Amino acid sequence: QKESEINFEEALSNAFRAYAEPTLDEDLVAILEQARARTLTNTSTQFEVLCGALVSFVDGEGGGLPPLTGSIPDMHSDNPKYIALQKVYLAKAAQDLAVMQGRVVELSTSVGLPTDYVSVEKVELFCRQAWSIKVLKTRSIGEEYAAATIDPDLLWDMAQEELITQSPLLWYVGL
């Protein structure tokens, strides 16, 4: 097949993506709602400051969406066209990153935190992952030790060939 035919077929098979409304993951929506309800203070974590900046971005420049990641999927295209498209995405991602960095500095200083409280690298990483961030809450190691004692004989029953429910302390040890 000719390259133009391959590009046309690929465009047809993915056309629905151009017309579909982008949706936010339910975990991201929950994080945004929590950040909207939270008041930042000088004891706020870096993650809380980043989430506050994300809310500000989503409600402002983002038009309801997080910053652009800057990456595009692999596709059939000649190199000059792909590189040109990639440059457009990278330029928009850099613009979004600059806005987010400004919001982080603004929020940090407004609550008495230093301007470099959250590093540029962390803001960049956060922006790249903003579409898929999740919060995983676990118990502390102290809470794990306080949990019921694990009976090693009950962990693995070869006849049943399944793992019986166990304390997450084993995951702390294993990881």
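Refer to the structure presented above.
This report concerns the structure included in the present document. (Residues numbered from 1 in each chain as written. Predicted model: local features only at pLDDT ≥ 70, side-chain atom pairs only at ≥ 80, totals over all residues. Heavy atoms only, no water.)

**Re the pattern of salt bridges**
Here is step 1 of the chain: Scanning all chains against the criterion turns up seven salt bridges.
Here is step 2 of the chain: Asp25 is the partner of Lys134 in a salt bridge, and the nearest nitrogen-oxygen pair spans 3.5 Å. You can see Lys134 sitting in the loop between α5 (120–129) and α6 (141–146) and its partner Asp25 sitting in the loop between α1 (3–19) and α2 (26–37), a full 109 residues away along the chain.
Here is step 3 of the chain: The salt bridge partner of Asp59 is Arg36, with a shortest N-O separation of 2.6 Å. Of the two residues, Asp59 sits in helix α3 (residues 46–59) while Arg36 sits in helix α2, which places them 23 residues apart along the sequence.
Here is step 4 of the chain: Judged by its relative accessible area of 44%, Arg36 is partly exposed.
Here is step 5 of the chain: What emerges from the salt-bridge pattern is a single network uniting Asp25, Asp27 and Lys134. (Salt bridge = Lys/Arg side-chain N within 4 Å of Asp/Glu carboxyl O. Helix = DSSP H or I, 4+ residues; strand = E, 2+ residues; numbered from the N terminus. Buried < 20%, exposed > 50% of the residue type's maximum accessible area, 1.4 Å probe, protein only.)

**Concerning the environment of Glu121**
Here is step 1 of the chain: Within the element layout of this structure, Glu121 appears in helix α5.
Here is step 2 of the chain: Put simply, Glu121 and Gln101 are 20 residues apart on the chain and 9.9 Å apart in space, counted from C-alpha to C-alpha.

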